[in-house]
2 protein chains.
Amino acid sequence: MTLERRCYACGVTTDQPYARCDCGEPLWFAVQPLEAWPALAELTGSIWRYEDVLPVEQPAGDLAPGATPLLSVPGLREETGLELWLKDEGRNPTGSFKDRGSAVGVGVALERAHEASTPAGDPARVATVSHGNMALSTAACAAAAGLEATVFVPEDIAGERLAAIGAFEPEIVRVRGDYGRLYHDALELGARHGVTVCNSDVPSRVAGQKTLAFELLEAVPDLDAIVLPVSSGGNASAVWKGLLEMRAGGLCTDLPALYLVQATACDPIARAYRASDDVVTPIDDDADTVAYSIANADPPSGTRALAAVRDTGGAVVSVDDDAILTAQRRLASVGIRVEPSSATTLAAITALCEGGALKSGDRVAGVLTGRGYGGSGGEPETTGRTRDTLDTVFSS
Amino acid sequence: MTLERRCYACGVTTDQPYARCDCGEPLWFAVQPLEAWPALAELTGSIWRYEDVLPVEQPAGDLAPGATPLLSVPGLREETGLELWLKDEGRNPTGSFKDRGSAVGVGVALERAHEASTPAGDPARVATVSHGNMALSTAACAAAAGLEATVFVPEDIAGERLAAIGAFEPEIVRVRGDYGRLYHDALELGARHGVTVCNSDVPSRVAGQKTLAFELLEAVPDLDAIVLPVSSGGNASAVWKGLLEMRAGGLCTDLPALYLVQATACDPIARAYRASDDVVTPIDDDADTVAYSIANADPPSGTRALAAVRDTGGAVVSVDDDAILTAQRRLASVGIRVEPSSATTLAAITALCEGGALKSGDRVAGVLTGRGYGGSGGEPETTGRTRDTLDTVFSS
């Protein structure tokens, strides 16, 4: 497959690996047709079953991300009236959807390292700017592939997170000063030093993340809608790209509507959607929400995500913290443990049903993006109904 | 499929759901032949692809356990000289192998509830005695299936664990007094009150756990050995039973050797193996090991596990805490995060290679049983190599 980067907005192509388009928008690999579902050759799947439309082959050391289950929850179907499925992305190797993109990003970095030209004595290296799921995922996938990783974290990172990331032994760089600015600086730094930077919306990560859309449509070909949280816009872009590739290959004709969700406290993409703007404008970064891992005040692929929504006839909705925590508890009550950022999906589905955008009988897939930091984060508050003596057991 | 319980040791059968055999040994469902691999009908698998040899059908509300990836780690293959695969059971819904058994246990409980006869006003209920992975798993699987769950925990359970279990809203009973004794009491209490008790080695859980062996052999038909941690002996029994069923159905001829691992600090099954005893004798319960979740001083299926080892030509090995922590760090360094109890598997593989039991070129599957309590537990100590300034990045 070609590694040509293309701007979805103005169509410019480049083989320059580190740049955004001159128009300012992020690049992705050119849309290519997905013409047939891969054969079910392996017992348990992974994203690599779509290798034909991925920019690299599966590395020898790989954690087998993807092939996550699509759950059908009878109680939620009854409540919503929808033909509803929930995609449990928490079943990925490090507990979030990020592993799909990290695996491909690491694969691309590894290939580049074999081909080129790192300064003598320097090991090949992948880098990312994150102190959450993406950091954990990139560090783990790099470790599996035998590639060095650098993770840029803010100076005040919580000890628990540092320990979890550090378990995979990346180089950890605590950054003083403006952490937000580093997203762009890192791309430039990487270009200068021959290090592959795998941030949230670089083409290689988007290529990996698009497999989410493939899995959804391969399982349910006639989906009406997909609902997923949005932060940087990278994953939303990837799902859109996956849909475009299936349409280009004749595997689907009508695209399902893409509904994106943000926390009300930090919803620049939703604001642009409501204002009928074509471009997402950064907001002041003083957001405080339980869904902190999707609180991105200046989403680098926000405008592209907005284009995805417009192209598919979806919408961007905002949900407040009360609704998010209610949804998190509801999911736990049916055995599914997610971080608050993932619970936004169910909160949005509820809101979209109430508002009439989703109608009884619609075929809808909600994406539960992760467990919360490798599974440890975001416990719901409830601690069950406890009893203190054995005597009363079974006798109520 | 018949729900007839059978004693592996003396062959007695019973339809009494709650009893152990009069000889004292645990019962399982009769061994039945697995004659063909199921068709790959579904995009992503689960244990339910083996429904034909499970005692119940998939419940409408189910978390799709199983179909976990079998990882090939180039670095570990090089170090050991083995054709080595690692089965990542941490990819199950609540992060451990327990979900296979809980799903079937809950399914059986649900079916029984539909058929019978709970006291008027009492909801159908499944119960388990655990404050670890099994509690979490049973509570989640019950919640998914819409069944009430009771979890018996010790009075001094850590708050973090209580919160994680409580998220799924089971009834939690804190037990004063002898927690160990409760394992047996619960079976009797359950029988008396019409509650299905799903402990570590009841037939329904063993039926679910045997799917681990199916997945291993379906992926690698000519395995020489399987290495897995042992605690109660329930899972080891299940793997053995899975092997017997494949042999009965003609899907394998020579059984792979079953190697079981315990922590040196609490290794009653290994002691019995070394002493050439046929029966496992309880040891004093003062064990202190990092692998606390497999520290079972009086394993209820220990003797059955020992029979499995003898029948397959395997062994039971003990590994000390230093070896366990070294193995945990080694796994993290290749991107795989496990609790110490799971790391015993790699420690044992290393020891078995050094001792000559496993030889270069042997085809070996090591089972990594879980992440550690839903993913949160047991971080390795390392926190990576941190740097504190951006200036030095990429310039070493």
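Just so you know, the residues in each chain are numbered from 1, in the order the chain's sequence is written. To read the labels, note that chains go from A and ligands from 1, taken in the order they are written. Reporting in this predicted model follows two pLDDT cut-offs: at least 70 for local features of residues, and 80 or more for side-chain atom pairs to be given and counted; totals over whole chains, interfaces and linings ignore these cut-offs and use all residues. As a convention, hydrogens and water are excluded, and side-chain values are obtained from all of the structure's heavy atoms.

(A) Geometry of the UniProt feature "modified residue: N6-(pyridoxal phosphate)lysine" (unreviewed entry) in chain A. Residue and element names in this part refer to chain A. The sites that UniProt annotates as "modified residue: N6-(pyridoxal phosphate)lysine" (unreviewed entry) are Lys 98. Secondary structure is summarised from DSSP: a helix means a run of H or I of at least four residues, a strand means a run of E of at least two, and numbering begins at the N terminus for each. Positionally, Lys 98 belongs in helix 2 (residues 98-115). The residues contacting Lys 98, other than those within four sequence positions of it, are Asn 133, Met 134, Ser 137, Ser 200, Arg 205 and Gln 209. UniProt positions are given in the numbering used here, feature names are shortened, and annotations may be inferred rather than shown by experiment. What makes two residues a contact is simply this: any of their non-hydrogen atoms within 4.5 Å.

(B) Structural detail: the sheet that holds strand 5 (residues 83-88) of chain A. All names here are of chain A. Only strands that DSSP links by at least two bridges are regarded as paired with each other. Taken together, six strands build an open sheet; the order of strands is 4-5-13-10-11-12 and the sheet is mixed. Only two strands of the sheet have a single neighbouring strand rather than two, namely strand 4 (70-71) and strand 12 (315-319). Lines fitted to C-alpha atoms define the axes here, with helix axes fitted over just the stretch in contact, and angles between the N-to-C directions of these axes take values from 0 to 180 degrees. With respect to the sheet, helix 10 (residues 302-312) is in contact with strand 11 (257-263) and strand 12, its orientation differing from that of strand 11 by roughly 140 degrees.

(C) Inspection of helix 7 (residues 211-219) of chain B at higher detail. In terms of burial, helix 7 of chain B is a largely internal element, eight of the nine residues being buried. Buried means the residue's accessible area, taken with a 1.4 Å probe over protein chains only, is under 20% of the maximum for its type, while exposed means over 50%, and partly exposed covers the values in between. Taken as a whole, helix 7 of chain B has its buried residues at B:Thr211, B:Leu212, B:Ala213, B:Phe214, B:Glu215, B:Leu216, B:Leu217 and B:Glu218.

(D) Representation of the packing of aromatic side chains within the structure. Residues and elements named next belong to chain B. Aromatic rings from Phe, Tyr and Trp, with only the six-membered ring used for Trp, were paired whenever their centres fell within 6.5 Å, and each pair was classed as stacked if the ring planes differed by under 30 degrees, edge-to-face if by over 60, and tilted otherwise. The full count for this structure, using the stated rule, is four aromatic pairs over all chains. A centroid spacing of 5.0 Å and a plane angle of 55 degrees characterise the contact between Tyr 50 and Phe 214, whose relative ring orientation is tilted. Residue Tyr 50 is found in the loop between strand 3 (27-29) and strand 4 (70-71), and its partner Phe 214 is found in helix 7; the two are separated by 164 residues along the sequence. Accessibility expressed as a relative area gives 0% for Phe 214, which makes it buried. We count a charge as sitting over a ring when the NZ of a lysine or the CZ of an arginine lies within 6 Å of the ring centre and within 35 degrees of the ring normal. A cation sits over an aromatic face here: Lys 241 above Trp 28, 5.8 Å from the ring centre.

(E) The arrangement of the pattern of salt bridges in detail. Residues and elements named next belong to chain A. A pairing counts as a salt bridge when a side-chain nitrogen of Lys or Arg comes within 4 Å of a carboxyl oxygen of Asp or Glu. Counted according to the given criterion, the structure contains 30 salt bridges over all chains. Across the pair Glu 79 and Arg 330 runs a salt bridge whose closest N-O atoms are separated by 2.4 Å. Taken together, the residues span a long stretch of sequence, with Glu 79 in helix 1 (residues 74-80) and Arg 330 in helix 11 (residues 321-333) at a distance of 251 residues. Residue Glu 79 is classed as exposed on the basis of its relative accessible area, which comes to 52%. Residue Glu 245 pairs with Lys 210 through a salt bridge whose shortest N-O separation is 2.9 Å. Within this pair, whereas Glu 245 is found in helix 8 (residues 234-248), its partner Lys 210 is found in the loop between helix 6 (203-209) and helix 7 (211-219), the two being separated by 35 residues in sequence. Through salt bridges with shared partners, a single network forms among Lys 87, Glu 89, Arg 100 and Glu 215.

(F) Region of interest: the packing of helix 11 (residues 321-333) of chain B against helix 12 (residues 340-355) of chain B. Residue and element names in this part refer to chain B. Here helix 11 crosses helix 12 at 90 degrees, and the two axes come no closer than 8 Å. On the basis of their axis angle, the class for helix 11 and helix 12 is roughly perpendicular. Facing helix 11, whose interface residues are Ala 323, Ile 324, Ala 327, Gln 328, Arg 330 and Leu 331, helix 12 presents Pro 340, Ala 343, Thr 344, Leu 346 and Ala 347. Any residue outside Ala, Val, Leu, Ile, Met, Phe, Trp, Tyr, Cys, Pro, Asp, Glu, Lys and Arg is labelled polar, Gly included; the first ten of those are nonpolar and the last four are charged. Residue composition of the contact of helix 11 with helix 12, by class: eight nonpolar, two polar and one charged. Small angles under 35 degrees read as roughly parallel and large ones over 145 as roughly antiparallel, with 65 to 115 read as roughly perpendicular and the rest as oblique.

(G) The nonpolar core, seen in detail. If you look at the biggest cluster of nonpolar residues, it comprises 81 residues, and the most contacted ones within it are A:Leu331, A:Ile336 and B:Ile165. Element by element, the count of residues in this core is highest for helix 3 (residues 133-145) of chain B, at eight residues. The contacts of A:Ile336, once residues within four sequence positions are left out, are A:Leu71, A:Val73, A:Leu86, A:Leu331, A:Leu368, B:Leu63 and B:Phe168. What is meant by a nonpolar core is a set of buried Ala, Val, Leu, Ile, Met, Phe, Trp, Tyr and Cys residues, joined one to another through side-chain atoms within 4.5 Å. Listed in part, the 80 residues of the second largest apolar core include A:Val104, B:Leu86, B:Ala225 and B:Leu352.

(H) Focus on the side chain of B:Ser342. Mapping B:Ser342 onto the fold places it in helix 12. Those residues in contact with B:Ser342 that sit more than four places away from it in its chain are B:Pro229, B:Val367, B:Leu368, B:Thr369 and B:Gly370.

(I) Geometry of the confidence of the model for chain A. All names here are of chain A. Every residue is assigned a pLDDT by the predictor, reflecting its confidence on a scale from 0 to 100. For chain A, mean pLDDT is 86; residues scoring 70 or higher make up 86% of the total. Note on residues 376-384: pLDDT is under 50 here. Beyond four places in sequence and across chains, it has 28 contacts. In this model residues 387-396 is a low-confidence stretch, pLDDT under 50, and it forms 28 contacts with partners more than four residues away in sequence or in other chains.

(J) Representation of the environment of A:Arg91 within the structure. Mapping A:Arg91 onto the fold places it in the loop between strand 5 and helix 2. Classification of A:Arg91 by relative accessible area gives buried; the value is 6%. With 24 residues separating them along the chain, A:Arg91 and A:Ala67 place their C-alpha atoms 8.7 Å apart. Leave out the neighbours within four places in its chain, and A:Arg91 touches A:Thr68, A:Pro69, A:Arg371, B:Leu63, B:Ala64, B:Pro65, B:Gly66, B:Arg91, B:Asn92 and B:Pro93. Of note is the side chain of A:Arg91, whose polar atom sits 2.7 Å from the backbone oxygen of B:Ala64. Polar contact criterion, stated in full: a pair of N or O atoms within 3.5 Å, where within protein one must be able to donate a hydrogen and the other to accept it, and residues adjacent in sequence count only if both atoms are side-chain atoms.

(K) Region of interest: the sheet that holds strand 13 (residues 363-368) of chain B. Here six strands make up an open sheet; going across it, the order is 4-5-13-10-11-12 (chain B) and the pairing mixed. The open sheet terminates on both sides in strands that have one partner only, identified here as strand 4 and strand 12 (315-319) of chain B.

(L) Broad picture of the environment of A:Ile226. Residues and elements named next belong to chain A. Looking at the secondary structure, you find Ile 226 in strand 10 (residues 225-229). With 137 residues separating them in the primary sequence, Ile 226 and Arg 363 have C-alpha atoms 8.9 Å apart. Ignoring anything within four residues of it in the chain, the contact list for Ile 226 reads Leu 216, Leu 217, Val 239, Leu 243, Pro 256, Ala 257, Leu 258, Tyr 259, Ala 365 and Val 367.

(M) The arrangement of the pairing of strand 11 (residues 257-263) of chain B in detail. Residue and element names in this part refer to chain B. Within strand 11, seven of the seven residues are buried, which leaves it mostly tucked inside the rest of the structure. Where burial is concerned, the two faces of strand 11 agree: the one with Ala 257, Tyr 259, Val 261 and Ala 263 and the one with Leu 258, Leu 260 and Gln 262 are both buried. Taken together, strand 10 (residues 225-229), helix 8 (residues 234-248) and strand 11 constitute a β-α-β crossover, and its handedness is right-handed. Inspection of the sheet shows strand 11 paired to strand 12 by five bridges, in the parallel sense. Residue Val 261 lies in a different strand from strand 12, and its bridge partner there is Val 317. By convention, orient the strands away from the viewer: a clockwise path from the first strand over the helix to the second makes the crossover right-handed.

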